[in-house]
Amino acid sequence: MKRLLNITFIVAITVLGFATVNAQSEFFKLEGMGGYSYMNLNRGVDPDEFNDDFSDFPANRVNAHGFNGSVTYNFTRFIGAKFDVTLHTHGEDFQSLFVNPLRTSPEGGTPSVNGTFKTSQSVYQYMGGIQIKDNEKEGSRFRPFAHILLGAAQQSFSVDETAPTSSQLFKIDSTDLAMKFGGGADVNIGKHFAVRAIQFDWNPIFRGDLDLGNGFGTANGVLQNNWLLTFGVVLH
């Protein structure tokens with residue numbers, strides 16, 4: 001109950017702050033958005049790169065789920081500076097005949113083991129750029145918008161063996177150039193509230209070569225072509 005009251009208090013203060021900033025202008029100067037975000041993620045890891053070690057490896061393109069939030073300061077009725085954050089994660093279990101390059105059998109050679117494995121990936125992105133939208137207070141209820149954003153993606157990808165033994169085979173982290181090109185539409189439902197009915201983005205991430213370690217070689221650099229779909233709530 002106390003936690004709910006704290007959240008309600010924070011939301012109330014946020015709305016009051018937005019209302020105060022916007023009170024003396026004919027257009028909304030400050031806008032905040034938060035909501036659910038779906039990511040069609042190109043993980044940047046080609047299964048063909050692991051054929052020598054795994055008999056089967058999950059697909060490179062997967063569905064990830066997370067959050068998208070942004071704050072926009074509008075310099076004019078139509079143009080604003082936008083700061084945007086997206087957080088997505090994906091995990092997947094798979095079965096495989098695995099050849100560990102670091103293990104050797106008593107008879108010599110590298111043994112093959114039927115095992116259960118788990119992949120885990122997180123993608124956190126921080127961007128800034130320009131949003132174009134009609135921010136007039138007395139304007140249309142339906143507000144389309146477009147934005148161009150540039151920033152960084154912090155990515156983490158790991159593969160763990162969960163059976164018959166438990167161990168982390170490798171984990172890689174990278175910070176890469178990322179961009180978002182897209183837009184959508186908001187529908188005003190009150191003086192200071194709107195619903196982000198839809199937001200669609202092309203989200204390329206430019207990842208370089210990565211050393212996997214533990215005898216797994218190198219993951220080649222790649223352009224990760226990702227697609228984002230977002231729904232949320234907007235505060236003015």
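Residues numbered from 1 in each chain as written. Predicted model: local features only at pLDDT ≥ 70, side-chain atom pairs only at ≥ 80, totals over all residues. Heavy atoms only, no water.

A look at the pairing of strand β6 (residues 167-188)
Cut-off, in case you're wondering: Here, any two strands with at least 2 DSSP bridges between them count as paired. Going along the chain from the N terminus, every DSSP run of H or I of four or more residues is numbered as a helix, and every run of E of two or more is numbered as a strand.
By the bridge criterion, 20 bridges tie strand β5 (residues 142-163) to β6 in an arrangement that is antiparallel. In the strand pairing of β6, phenylalanine 157 is matched with isoleucine 172. Linking β5 to β6, which pair antiparallel, is a turn of three residues. Examined bridge by bridge, β6 and strand β7 (residues 193-207) share 10 bridges and lie antiparallel to one another. Directly across from asparagine 188, in β7, lies its bridge partner alanine 194. Between the antiparallel neighbours β6 and β7 lie four residues.

With respect to the nonpolar core
Where a protein is soluble and globular, its nonpolar side chains tend to be buried together. Inclusion rule: Residues enter a nonpolar core if they are buried and are Ala, Val, Leu, Ile, Met, Phe, Trp, Tyr or Cys, with the set joined through side-chain atoms within 4.5 Å. With a 1.4 Å probe rolled over the protein chains alone, any residue whose accessible area is under 20% of its type maximum counts as buried; one over 50% counts as exposed, and the rest are partly exposed. Contacts: residue pairs with any heavy atoms within 4.5 Å of one another.
Ranked by size, the top nonpolar core spans 13 residues in total, and within it Phe54, Phe57, Phe157, Val159 and Leu169 carry the most contacts. When contributions to this core are tallied by element, the ones reaching two or more residues are β3 (79-99), β5 and β6. Considering each element in turn, this core owes the most residues, three residues, to β6. Apart from the residues within four sequence positions on either side, phenylalanine 157 is in contact with Arg43, Val45, Phe57, Thr119, Ser120, Gln121, Phe170, Lys171 and Ile172. Counting residues in each nonpolar core, the second largest holds 11 residues, with Met127, Leu149, Ala178 and Ile205 among its members.

Looking at the pattern of salt bridges
Close approach of charged atoms lets side chains of opposite charge pair. Let me state the cut-off plainly: Each salt bridge in this description consists of a side-chain nitrogen of Lys or Arg and a carboxyl oxygen of Asp or Glu lying within 4 Å of one another.
By the definition in use, this model includes seven salt bridges. Between aspartate 84 and lysine 180 there is a salt bridge, with the nearest N and O atoms lying 3.0 Å from each other. You can see aspartate 84 sitting in strand β3 and its partner lysine 180 sitting in strand β6, a full 96 residues away along the chain. Of the residues examined, lysine 180 reaches a relative accessible area of 0% and is grouped as buried. For aspartate 186, the salt bridge goes to arginine 196, with nearest N and O atoms at 2.7 Å.

Concerning the pairing of strand β10 (residues 222-235)
Sheet topology note: the strand β1 (residues 30-42)/β10 ladder contains nine bridges and is antiparallel. The residue of β10 that forms the bridge with serine 37 is threonine 230. Pairing between β7 and β10: 13 bridges, direction antiparallel. Bridging from a neighbouring strand, asparagine 203 pairs with asparagine 226 of β10.

Concerning empty space enclosed by the protein
Rules: Grid spacing is 1 Å over the protein atoms alone, the probe is 1.4 Å, and a cavity is where that probe fits but cannot get out, while a pocket is an open set with protein on both sides within 12 Å along at least five of seven lines and lining residues have an atom within 4 Å of a point. Grid points are joined across faces, edges and corners, and a volume is the space filled by probe spheres set on the points. Residue polarity follows a fixed list, in which Ala, Val, Leu, Ile, Met, Phe, Trp, Tyr, Cys and Pro are nonpolar, Asp, Glu, Lys and Arg are charged, and the others, Gly among them, are polar.
Taken as a whole and judged by the stated rule, the model has one cavity of 30 Å³ or more. Space inside the largest cavity adds up to approximately 70 Å³. In this structure, the largest cavity is lined by Arg43, Val45, Gln121, Gln155, Ser156, Phe157, Ile172, Asp173, Ser174, Arg207, Leu210 and Gln224. Mapped by element, the contributors of at least two residues to the lining of the largest cavity are β5 and β6. In terms of residue class, the lining of the largest cavity is made up of four nonpolar, five polar and three charged.

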